[in-house]
There are 2 protein chains.
Amino acid sequence: MSTLSKYNLIENLIEQEEDGESFFLGDLSQIQQLYNQWMEILPQVEPFYAIESNPNPQLLDHLSRLNIGFCCASAGELALATDLETPREKILYSNTCKGVSHLKYARDNGIRMMTFDNESEIFKIKQIIPDAEMIIRLSVEEFGSTYSLKEKFGVTLKDAKKLLQVCKNLAMNVIGVSFNVGSNCRNPDVFYDALRNCKSIFVYARDELDFNFSVIDIGGGFSSIDRESPTSPLLFEATANTIKDALDEFFPEASIGGSLRVLAAPGHYFSETLFTLAVNIISKKVLSHDLQVISIDENILQVEKIMYYINEGFYSVLRCCKSGLIKCKPSAIYTDGKIHILHDSLELVYKSIVWGPSYSEIDRLPGEIELPNLQVGDWIVFENFGAYTMSGASNFSGFSTTKIHWMN
Amino acid sequence: MSTLSKYNLIENLIEQEEDGESFFLGDLSQIQQLYNQWMEILPQVEPFYAIESNPNPQLLDHLSRLNIGFCCASAGELALATDLETPREKILYSNTCKGVSHLKYARDNGIRMMTFDNESEIFKIKQIIPDAEMIIRLSVEEFGSTYSLKEKFGVTLKDAKKLLQVCKNLAMNVIGVSFNVGSNCRNPDVFYDALRNCKSIFVYARDELDFNFSVIDIGGGFSSIDRESPTSPLLFEATANTIKDALDEFFPEASIGGSLRVLAAPGHYFSETLFTLAVNIISKKVLSHDLQVISIDENILQVEKIMYYINEGFYSVLRCCKSGLIKCKPSAIYTDGKIHILHDSLELVYKSIVWGPSYSEIDRLPGEIELPNLQVGDWIVFENFGAYTMSGASNFSGFSTTKIHWMN
């Protein structure tokens, strides 16, 4: 659907929304297109959707019908995948630190493929799922990811060798290697370096320990848009090309029909662009004691301190903005009875403070947001808000879950 | 119940918990004691429990049976209070920025008492609940609160006068003044200054606008313990004494049986000490490449980087630790088959990194936590974990709600 048609639809939804309840507009038709793009550009890599980015049941159902695998962090997510009757070889339990009850769920539901990165995990898995198909997770030097994962997970090459030795001693079945470059990776070369490290572990495991690895999990970091310049679709293509080159160089057996499975854990890639968020301004405060011209600079005229209060915030679907994962840059506003798409530096805007609906001062969009002078009852629209938004929402302060309107 | 009996009970619960699931131990018997203390020390102030601090149904039910009022931030919280058949004069809708559907809920359920701090709110309330009993919220200069509320809510005395004029012009019924010094206030003088400001607004409203105010809401900021030195119960008493002195000086009509109602919104005060949290260590990583003696200082011996992974975190009940509201200082550990209470600087401890169970690097206890050398399967116990813990929990990454075991 074109952007214009989407905005027409949002305009209609806003006009029907007499109480100003915030909502998502979801467009599942994009999934097929995203899947097609993946299969065209990176056909030798099996996408395992990272459920944590958005566990919406309709979305999962659509992905399942495309025969996409699932990457899970907990028993709760494993249950979502098994409820969809996903073949077990399409489910990866990718959290390297697993609780006992979660491992038992995996055991009881035939899930075998799982990652690890420390010795305690090997002993725990040995006890509960002795026939697990273990994947060792390497740490990655990340440069260029918005959101790093290098401190919490993964081991160095040196420690990886020790852990593999422990696995060998315990007769555990190690089937491969994984890494994760972090979210929104903007430097494809990180994948090249990580795959070179995988190769060295493959060779060590084969030559020293007689393991015959059959899987590489290249994790996440994929976006279908370049968030720094959303009109450019080239970032995914550049990343895919680097991965293909590295696979050709280090793992020729990863070609289609070859002996090596390559898995990836896209989350943002599939979920981000599917949802647009519309929030209502429920209150406004202009601080009169700050009434002065502070600066006139590139169409930003600041005469007073404007504070808006909207009906979504940090405790609901906007927590992602705090982590720096997603920029809280509005795409459009609804004022004077219609949608206005916000173009860069076209309108007169004010640096405004935008607060969430709860009683908490943490509940605020970071920094100051450039907005025209809006009124209570006006709306703010955020595009590409499907990843890590609804998945981390709580009901703090008695605020309820954000509803979803679906495009046909 | 004595601390020792409580720890015996936790020990038993841990021993029965074969999968290492984290849990709260709740002790509702403390509520009566907290209520008695409030009524003894501050009898002229009606406590309205701030539901957002902990909306646990059993807790609310206990408070309701003591005839305590409720302070609500949303329709969801108003519904919790009305479901308990709370008399409407015991319900305060204290969020100054209210969504339309929330206001309609208040209207349809007979709730009239509500705060405001901006002009847009007056017009909105006028339209939906023209007979609302409005309370104007003043901003407070806060010194000494761990968690400030001064930027998001409240107006200056000057702006308050303008807003009251708007109310007068619209024939709105303003019944009083409110303020909130922020959480965990450690400087009682802030209450004195705030009550002096309330007095000036009372006089202005009476003399200039012919309003006859009958309510002061002195908000939150009360703790039943001094978190900086938990064994000292003197902070609440000192705060109460300052409030009593200020009421005597500025509002003699606030005495018991007098014409002025004084309300407060304790949250921490009632909920904080009721719950103890026990979390399990599900994984451990010692980074060998950091293996070196870094410092030997006051029983802290750092030879290597120890990282623990526990089964609660930022996305579940430990978000409060990020806000600085609650210190994530462990009270006890369970290791070698028994509970050990952690005394200050008695054991050999290591500065450790403690991660939550999700895939996210944000999911971490702030800073480094001093802990003995623990193993996977050991437990960490946090006391006074009832306020702003379970209320903000989400199910991010498929992790489920933390169970509660009750004493008696």
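Our subject is the structure that appears above.
Residues numbered from 1 in each chain as written. Chains lettered and ligands numbered in written order. Predicted model: local features only at pLDDT ≥ 70, side-chain atom pairs only at ≥ 80, totals over all residues. Heavy atoms only, no water.

Draft legend 1. Representation of the environment of Asn109 of chain A within the structure. All names here are of chain A. When you line up the elements, Asn109 lands in the loop between helix 5 (100–108) and strand 5 (113–116). On the basis of relative accessible area, Asn109 is assigned to the partly exposed category, the value being 23%. Between the C-alpha atoms of Asn109 and Leu78, which are 31 residues apart in sequence, the distance is 8.9 Å. Once residues within four sequence positions are removed from consideration, Asn109 is found in contact with Thr82 and Arg88. (Helix = DSSP H or I, 4+ residues; strand = E, 2+ residues; numbered from the N terminus. Buried < 20%, exposed > 50% of the residue type's maximum accessible area, 1.4 Å probe, protein only. Contact = heavy atoms within 4.5 Å.)

Draft legend 2. Local environment of the relation of the copies chain A and chain B. In the superposition of chain A on chain B (RMSD 0.0 Å, axial shift 0.0 Å), the rotation amounts to 180°. Look at the turn and shift together and you get a two-fold axis relating the two. Proximity to the rotation axis, assessed at the C-alpha, singles out Ser394 of chain A in chain A; its C-alpha lies 2.2 Å from the axis. Both copies present the same face, since 100% of the interface residues in chain A are matched by interface residues at the equivalent positions in chain B. (Least-squares fit on C-alpha atoms with pLDDT ≥ 70 in both.)

Draft legend 3. View of the interface of chain A and chain B. Listed by partner, the interface residues are 71 residues for chain A and 71 residues for chain B. Taken over both partners, the interface formed by chain A and chain B buries close to 5600 Å², and the fraction arising from carbon and sulfur atoms is 49%. Per-residue buried area on chain A facing chain B is highest for Lys152, Tyr359 and Glu361 of chain A; these three make up 17% of the total on that side. Arg364 of chain B serves as the salt-bridge partner of Glu151 of chain A, at 3.8 Å between the closest nitrogen and oxygen. Viewed at the interface, chain B and chain A are joined by 47 residue pairs in polar contact (both at pLDDT 80 or more). Taken together, the residues of the side of chain A that touches chain B break down into 21 nonpolar, 27 polar and 23 charged. (Buried area = accessible area lost by both parts, 1.4 Å probe. Salt bridge = Lys/Arg side-chain N within 4 Å of Asp/Glu carboxyl O. Polar contact = N/O pair within 3.5 Å; in protein donor to acceptor, adjacent residues only side chain to side chain. Nonpolar A, V, L, I, M, F, W, Y, C, P; charged D, E, K, R; others polar.)

Draft legend 4. Looking closely at helix 7 (residues 157–169) of chain A. Residues and elements named next belong to chain A. The terminal C-alpha atoms of helix 7, which comprises 13 residues, lie 19 Å apart, in line with the 18 Å expected from a rise of 1.5 Å per residue. Listing the buried residues of helix 7 in full gives Asp159, Ala160, Leu163, Leu164, Val166 and Cys167. The buried residues of helix 7 occupy an angular sector of 155° when projected down its axis, which confines them to one face. Across from the buried face of helix 7, at angles greater than 90 degrees, the exposed residues are Lys158 and Asn169. Contact partners of the buried residues in helix 7: strand 5, helix 6 (119–128), strand 6 (133–137), strand 8 (173–178) and helix 8 (189–209). A positive phi of about 60° marks Ala171, the residue just after helix 7. (Expected span 1.5 Å × (residues − 1). Arc of directions from axis to C-beta.)

Shape is all these values report; function is a separate question.
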